[in-house]
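Residues per chain, in single letters:
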Amino acid sequence: MKKIKVLILRTAGTNCDYETQSAFELCGAVVERVHINTLVEEKDKIFEYDILTFPGGFTYGDDVASGKILSNEIKNKLGYEVKKYALSGRPIIGICNGFQVLVKMGLLPDPELFKQISTLSYNDSGRFECCWVYLKTEKKIGSESSCIWTKNLPDVISLPVAHGEGKFISESKDFFEDLNKNNQIVFRYSSKDGGEPEYPLVSNGSTERIAGICNKKGNIFGLMPHPERYVFALQHPAKEGFNSKYGWGKVIFQNAVDFAGQ
Amino acid sequence: MFEIEILTKKGFKNSRGEHVLSDICGLGIENVTKVEYSSLYIIDGDISFAETETIASDLLTDKITENYVIRQRDAECLSEVISKFSDVKEADMINPNFSVIEVWYKDGVTDIVSESLIKAVKDLGIAKEIKAKAGHKYYLYGEIFRVTLDTIATKLLANVLIQECKVY
Amino acid sequence: MKCTTKCKTIEILNLSDEQLFELSKKNVLSLSLEEMKIIQNYFKKLKRDPTDVEIETIAQTWSEHCKHKTLTGMIEYIEEKSGEKTKKTYNNLLQETIFKASGELNKPWCLSVFKDNAGIIEFDSENGIAFKVETHNHPSALEPYGGSATGMGGVIRDILGVGLGAKPLASTTVFCFGNPDMESSKVPEGVHHPRRIMKGVVSGIRDYGNRMGIPTVNGAVCFDDGYMSNPLVYCGTMGIIPKNKIDKKVESGDLVLVVGGRTGRDGIHGATFSSTQLDGESDISAVQIGNPIIEKKVLDTMIEARDLNLYRSVTDCGAGGLSSAVGELGKKTGTVVYLDKVPLKYGGLCPWEIWVSEAQERMVFAVPPENIERIIGIFKKEDVEAVCIGEFTDDKKLTLVYDGDVLASMSMEFLHNGVPKPARRAFYEIKEEKIQKPIDMSSFEISSSLISSLADLNVCSKEWIIKQYDHEVQGQTIIKPLQGNNIETSGPGDAAVIFPYTAVKNTRKGIVLSNGLNPQYGKIDPYKMAASAIEESLRNAVAVGANVKKISILDNFCWGNPSDPEVLGSLVRATKACHDMSKAFEVPFISGKDSLYNEYFINKKKYSIPSALLISAMGVIENVENTVTMPFKKNGNKIFVLGVTRNEFGGSVFSKIKSIDGGIVPDVYPRESKDIMEKIYNAISGNLIEACHDCSEGGIAVAVAEMAFSANKGVYIYIDAIETLSPLKKKCRSGNEMTPVEVLFSESNGRFIVEIKPDNEEKFRKILEGSIFSEVGYVSDDKKVIFESKKNNIKVQQSSEVLLNSWRNTIIGC
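Residues numbered from 1 in each chain as written. Chains lettered and ligands numbered in written order. Predicted model: local features only at pLDDT ≥ 70, side-chain atom pairs only at ≥ 80, totals over all residues. Heavy atoms only, no water.

Q: Teacher, can you tell me more about the sheet that holds strand β2 (residues 30-35) of chain A here?
A: Residue and element names in this part refer to chain A. One open sheet holds the 9 strands; their spatial order is β2-β1-β3-β4-β11-β10-β9-β6-β7, and the pairing between them is mixed. Strands at the two margins of the open sheet, each flanked by one partner only, are β2 and β7 (156-163). Averaged over all adjacent pairs, the angle separating strand axes in this sheet is 25°, with direction ignored. Pairing between strand β10 (residues 210-214) and strand β11 (residues 220-223): 3 bridges, direction antiparallel. Each residue of the ladder has a partner; that of Ile-213, found in β11, is Gly-222. Taken strand by strand, helix α3 (residues 68-87) contacts β1 (5-10), β3 (51-54), β4 (92-95) and β11, and its axis lies near 140° from that of β3. (Pairing = 2+ DSSP bridges. Helix = DSSP H or I, 4+ residues; strand = E, 2+ residues; numbered from the N terminus. Axes fitted to C-alpha atoms, helices over the stretch in contact; angles between N-to-C directions. Contact = heavy atoms within 4.5 Å.)

So, in structure tokens, the structure goes:
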């Protein structure tokens, strides 16, 4: 079987690259952590990989605003290649800081537009918070979310979050209507049974409690929670998981590896 | 030398300002009714207004939630506003009931935001040697005595050992 | 010696004693008269005056911060007990107490002890784990945010600079602050309010640790007004290192490569400044601001260079800057450094400032010339500045050059071994402790005492701090600081466990981190404080599943001015306990640090902090599956108290909230305690324990309440079943001597609360055979915490939700 190759794009301040690598490796992929300077030198190298990952961290210290400097850098130095990659339908994931980067360069929600039309702003709680949350996996009656990353997940899963700027907002109301209409909302913060959560289960004040979205096609996925921190049951606060061994985060990476292998 | 101020657009939460307000209440000061925070940057060097505007709009401003104002600035104080968006607090500017506290690092103190900023300006394709400085600006609303402003500045917003503040 | 406008000659050859002393003071050299005279003599022999670079180099190298003169110096110690005095002379206090115990224990799994930037023990056949804890007290008092951030940055660099570099896996932080609710008018002029210090310190740690991507997983906070002007900020970091990267050796001809941040005027005199008291007129340049992203870049790149074997040695620039780092590396060979090559943040620095500046995020490497291009290439590729500033020679001299002029030329021998050993006097009087008057209370009073204990600053939830730290980054934190039976966690875990699966492929092993600290005990007896801190750190680790035979510990002393014989006497007393307990528990010290001169002046009156000894423990866990958390798990399970409860209220939380005088400080009974720890390990390894919690501040009452409310469950405890002993008549078993409230709130060491499934009871009892323990109750589903004594007609009943809220709501909204 063909080995799936994953590119984890890193730069100064990236800090979730190793656990993201482990998560993909656990799903049978071959992973390379590549510094942006290396990729900029050889831009076409990006097309050698089946999956592109923007991991969590504090790129450039989150100075100015989270993910801002990196998203500018990518747009200016790799914009053409990244857009082409995105439109090719290959899986792309942005986790936490990676999600902030995707949104701020405009690869989400619409890679064709490739323009920032939404943002991840300061949490309503006013501070960085690290805790576990429940996430409702959005499934429309009749039509499941088109997101290729979240197949085979139960209605509600839990994952850890750790961010200070995770409030997903936009200027226009239509924006959210479109997201809903196009099944682009992937995860919402929820209570244990999928209902309305209370603080601290939701601390950032996201519109419609959005925790993760995808593009219309479903190959590009961005989320604030950290699936790579829950690939083993052991990582759960009460050591819960599936097959008495794995955490639900693993399914997310497995989906992409399987998709890329098809 | 240009000063860029990044303001939160109306209708969006100014979390940092709200946080400061609750801290002010924590000091036992009651007559501050509202606080708005905006970040400040000074860009110095052989740089044009157009380039400064690119930096402000493409790098420093979150288009969804923020606006910017660019001011020409000489070493001492700011002067006229030379570019701004329409909904910047014009009404507020003429409201006498607010005061401002600006906080800047003293020269020689490590200012890491400005270090990142210089890198990011290069990424924008502006290949000039610039100097940058990052600061904070707090608008405090309410009838506040000067001595109270000084207390807020020194007990809460700035550490005078390494930072200087301007109160006006 | 040619002098330029940038470098001055300091005329000392003809100075009188008085003038010498004045010179030391004026230039913040912190050198004693005796030391100044030795310097004078050295230069008399050289027949010339020193330059300012030379004087500053000596002051830095000989500083208390870098040399630990007091703890390695000579001490005449007098101990008085009931009017009788005994005398003992230490030639080197640390050598004869703490190091001695480690040497005698001689554990084969200790890989590097007290010789490198951190201590290292064996993790598995391929890897070692390194741990170091530092303090950053004075900088945090002046600038809480920058001070604590650079404290964290500094200890992370210790881990990067141990051996040929370890990869940081987790951090710990322990703080001592004044009361955050202190009235502003009571805060002295020039001192930040304790709340501001607390918030600033926490933000600083948060921003540095989170940006580095190192989870801060364990810690403690202690509040006492004695720390109002002089807070304590302890930062620790643990990292993993291949065993074949532990040895390092500089060779003559290697190049000196400085990597990372640029040098500026920040942090000048940090090393010498740490030996002076805070007096409200402190030097601005002693404040540093860190840049974690530079340090992260250094970490990313240096591990790559390490694995390619491109350098022979490395160390971090900490206190004393390049002077300390290059000086240490070149101690045996000699070195020449061209100060004009050091990359600067801005112009205008004098050569001596470049040499001793404590600008952050710098590391120094010793690189064989043939590798220099490759290694610089690796750094450059990721925008890390790396500049060759000199080389290691074979002349055993320190030579500093600026613009072609030699500004310093001194023998390494004089620099590193020339410092005179100070001789100090120490005195300690052992005071007799008396049991407090019997405490008798109604059920209602006990219930409200439980609520006040849970809400006490030193017991209450530290959730506000923990959640601001990214304690999950790297995905390896499997026993977390806050615990529960689902994702809504609230209970205070005893220790953290890291499962380093990304660093060590296919491992099942884990690393446990815990701590012990109780300055309140130290106000009465520093020996018992030290012993209790050691025992508590072990107990915490054992409670989550650690094997006490595989635990190592670190000491961090924060004391007042050692020239006061009583202050030093209490320090000697504490080090004795360290030696005794290390031996008795067979737990080796692997690293340590001291911060002395923690005192300050207000209106010319001198105050000293309450002495504090932090013990940090690190151990290896054989199988991460065999770990437990503290919340109760299932209704109907049985509860046991392991260990014996004595009437020990000295320094307790209960004494504080009830203003009770006297009381005996909890003692440590190593044989009893070690025996129980070993048995708990056996029981946890055999999967016999559902929940386990250490019993410390607030006693059994607080520990049981925490286990119940973190699980949202109820519990019934039969007080009369708890095993008690009188601390004065050690052998006599007499449950009657303690009242119910005493049994519930006494803080005796060596105790655990354990939850067992009824099915496992027999096996569990078998393991515990021969130890003092008893079944005391069961987990219930009515969400009520009940303590009952039929003998005394006491029944305390409180809902676990009320208890949770009183524990949770003390520090919120900061």
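Still to come is the rest of the account.
Q: Help me out: how do you make sense of the interface of chain B and chain A in this one?
A: Interfaces are frequently sized by the accessible area removed from exposure as the parts join. On the chain A side, the residues contacting the 22 residues of chain B number 24 residues. With both chains or domains summed, chain B and chain A bury close to 1800 Å², and 56% of this area falls on carbon and sulfur atoms. In this structure, the salt-bridge partner of Lys-77 of chain A is Asp-123 of chain B, at a minimum N-O distance of 3.0 Å. Between the two partners, chain B and chain A, sit 9 residue pairs in polar contact (both at pLDDT 80 or more). Elements that contribute at least two residues to the side of chain B that touches chain A include exactly α1 (15-26), α2 (49-60) and α4 (112-123) of chain B. (Buried area = accessible area lost by both parts, 1.4 Å probe. Salt bridge = Lys/Arg side-chain N within 4 Å of Asp/Glu carboxyl O. Polar contact = N/O pair within 3.5 Å; in protein donor to acceptor, adjacent residues only side chain to side chain.)

Q: I keep staring at helix α24 (residues 699-709) of chain C and nothing clicks. Help me out?
A: Two residues of an α-helix separated by three or four positions point the same way, owing to the 3.6 residues in each turn. Among the 11 residues that make up α24 of chain C, 11 are buried, leaving the element largely enclosed by the rest of the structure. What α24 of chain C keeps buried is the set Gly-699, Ile-700, Ala-701, Val-702, Ala-703, Val-704, Ala-705, Glu-706, Met-707, Ala-708 and Phe-709 of chain C. (Buried < 20%, exposed > 50% of the residue type's maximum accessible area, 1.4 Å probe, protein only.)

Q: Before we go on, may I ask you to explain the environment of Glu-353 of chain C in this structure?
A: Residue and element names in this part refer to chain C. Among the structural elements, Glu-353 can be located in helix α14 (residues 351-356). We classify Glu-353 as buried; its relative accessible area is 10%. Considered as a pair, Glu-353 and Tyr-681 are 328 residues apart in the sequence and their alpha carbons are 53 Å apart. Every residue in contact with Glu-353, bar those within four places of it in the chain, is listed here: Arg-265, Ile-268 and Gly-348.

Q: Sorry, what's going on with the packing of aromatic side chains here?
A: A ring pair, where both rings are aromatic, is described by two values, the distance of the centres and the angle of the planes. All names here are of chain C. Applying the stated criterion across every chain yields a total of 38 aromatic pairs over all chains. Ring plane angle 5° and centroid distance 3.7 Å describe the contact between Tyr-42 and Phe-414, whose orientation is recorded as stacked. In this pair, Tyr-42 sits in helix α2 (residues 33-46) while Phe-414 sits in helix α16 (residues 412-417), placing the two residues 372 residues apart along the sequence. Both residues of the pair, Tyr-42 and Phe-414, count as buried. (Phe/Tyr/Trp six-rings, centres within 6.5 Å; stacked < 30°, edge-to-face > 60°.)

Q: So what exactly am I meant to see when it comes to the domain arrangement of chain C here?
A: Residue and element names in this part refer to chain C. For chain C, the assigned domains read domain 1 (1-86 + 248-419) and domain 2 (108-246 + 461-561 + 587-627). The straight-line distance from the C-alpha centre of domain 1 to that of domain 2 is 27 Å. Taking both partners together, domain 1 and domain 2 bury about 3400 Å²; carbon and sulfur atoms supply 61% of that area. Ionic pairing is found between Asp-116 and Lys-248, a salt bridge with its closest N-O pair at 3.1 Å. Mapped by element, the contributors of at least two residues to the side of domain 1 that touches domain 2 are α4 (64-67), α5 (69-72), α12 (292-307), β10 (313-316) and β12 (362-367). Of all the elements, α12 adds the most residues to the side of domain 1 that touches domain 2, at 9 residues. Class assignment for the residues of the side of domain 1 that touches domain 2 results in 14 nonpolar, 15 polar and 10 charged. (Domains from an automatic or database assignment. Nonpolar A, V, L, I, M, F, W, Y, C, P; charged D, E, K, R; others polar.)

Q: Hey, could you run me through the interface of chain C and chain A in this one?
A: With 42 residues of chain C in contact, the opposing surface of chain A contributes 40 residues. The junction of chain C with chain A conceals about 3400 Å² of combined surface from both sides, 56% of it contributed by carbon and sulfur atoms. For the interface between chain C and chain A, the tally reads 4 salt bridges. Salt-bridge contacts for Arg-10 of chain A lead to Asp-300 of chain C; the nearest nitrogen and oxygen are separated by 4.0 Å. Scanning the region where chain C abuts chain A turns up 15 residue pairs in polar contact (both at pLDDT 80 or more). Taken together, the elements giving at least two residues each to the side of chain C that touches chain A come down to α10 (194-212), α12 and β17 (477-479) of chain C. Classifying every residue of the side of chain C that touches chain A by side-chain character gives 12 nonpolar, 13 polar and 17 charged.

Q: Sorry if this is basic, but what is going on with the pairing of strand β9 (residues 185-190) of chain A here?
A: Look at any regular strand and the pattern is simple: side chains alternate between the two faces of the sheet. Residues and elements named next belong to chain A. Taking burial as the measure, the 6 residues of β9 include 6 buried ones, the bulk of the element. Of the strand pairs in this sheet, strand β6 (residues 129-137) and β9 are connected by 4 bridges, and their pairing is antiparallel. Across the sheet, the residue bridging to Tyr-134 is Ser-190, located in β9.

Q: Please explain the packing of α1 of chain B against helix α5 (residues 146-157) of chain B as it appears in this structure.
A: Two numbers describe a pair of packed helices, the interaxial angle and the distance between the axes. All names here are of chain B. Their axes nearest at 11 Å, the elements α1 and α5 cross at an angle of 105°. If you check the angle between α1 and α5, you find them roughly perpendicular. Of the residues in α5, those touching α1 at Val-20, Asp-23 and Ile-24 are Ile-152, Leu-156 and Leu-157. Among the residues making up the contact of α1 with α5, the classes are represented as 5 nonpolar, no polar and 1 charged. (Parallel < 35°, antiparallel > 145°, perpendicular 65-115°, else oblique.)

Q: Sorry if this is basic, but what is going on with a negative patch on the surface here?
A: A cluster of like negative charges, contributed by Glu-32, Glu-41, Glu-42, Asp-44 and Glu-48 of chain A, occupies part of the molecular surface. Positionally, Glu-48 of chain A belongs in the loop between α2 (36-41) and β3. (Patch = residues over 30% accessible without salt bridge, like charges linked within 9 Å, V, L, I, M, F, W, Y side chains within 5 Å. Areas by Shrake-Rupley, 256 points an atom, 1.4 Å probe, with all protein chains shown as cover. Lys, Arg positive; Asp, Glu negative; His and termini not counted. Charge placed at Lys NZ, Arg CZ, Asp CG, Glu CD.)

Q: So what exactly am I meant to see when it comes to the confidence of the model for chain C here?
A: Low pLDDT marks stretches whose predicted atomic positions should not be read closely. Residue and element names in this part refer to chain C. With 96% of its residues at a pLDDT of at least 70, chain C reaches an overall mean of 92. Contacts for the low-pLDDT stretch residues 277-282, under 50 throughout, to residues beyond four places or in other chains number 14 contacts. Here residues 731-735 is a poorly scored stretch, pLDDT under 50, and it has 9 contacts once near neighbours within four places are set aside; other chains count. We note a pTM of 0.95 for the whole complex and an ipTM of 0.96 for its interfaces. (pLDDT = per-residue confidence, 0-100.)

Q: Sorry, what's going on with the pattern of salt bridges here?
A: Between side chains of opposite charge, pairing is possible as soon as their charged atoms come close. Residues and elements named next belong to chain C. All told, the structure shown has 72 salt bridges over all chains when counted by the stated rule. In this structure, the salt-bridge partner of Arg-573 is Asp-525, at a minimum N-O distance of 3.6 Å. Separated by 48 residues along the polypeptide, Arg-573 in helix α21 (residues 565-585) and Asp-525 in the loop between α19 (519-522) and α20 (526-544) bring together distant segments of the chain. We note that Arg-573, like Asp-525, is buried.

Q: I keep staring at the environment of Phe-99 of chain C and nothing clicks. Help me out?
A: All names here are of chain C. Within the element layout of this structure, Phe-99 appears in helix α7 (residues 98-105). Taking relative accessible area as the criterion, Phe-99 reaches 21% and is therefore assigned partly exposed. For Phe-99 and Met-182, which are 83 residues apart along the polypeptide, the C-alpha to C-alpha distance reads 41 Å. In this view, Phe-99 contacts Leu-94 and Phe-114; residues no more than four positions away in its chain are not counted.

Q: I'm lost on the sheet that holds strand β5 (residues 127-135) of chain C in this one. Help?
A: The strands making up a sheet associate through backbone hydrogen bonding, with each pair oriented either parallel or antiparallel. All names here are of chain C. Pairing in this open sheet of 6 strands is mixed, and the strands run β3-β4-β5-β8-β6-β7 from one edge to the other. In this open sheet, the two strands that pair with only one neighbour each are β3 (110-112) and β7 (216-223). Adjacent strand axes in the sheet meet at a mean angle of 20° when their direction is disregarded. The sheet contact formed by strand β6 (residues 167-177) and β7 spans 7 bridges and is parallel. The partner of Thr-173 across the bridge, within β7, is Gly-219. Of the strands in this sheet, β5, β6, β7 and β8 (232-242) touch helix α9 (residues 144-160), which is tilted by about 25° from β8.

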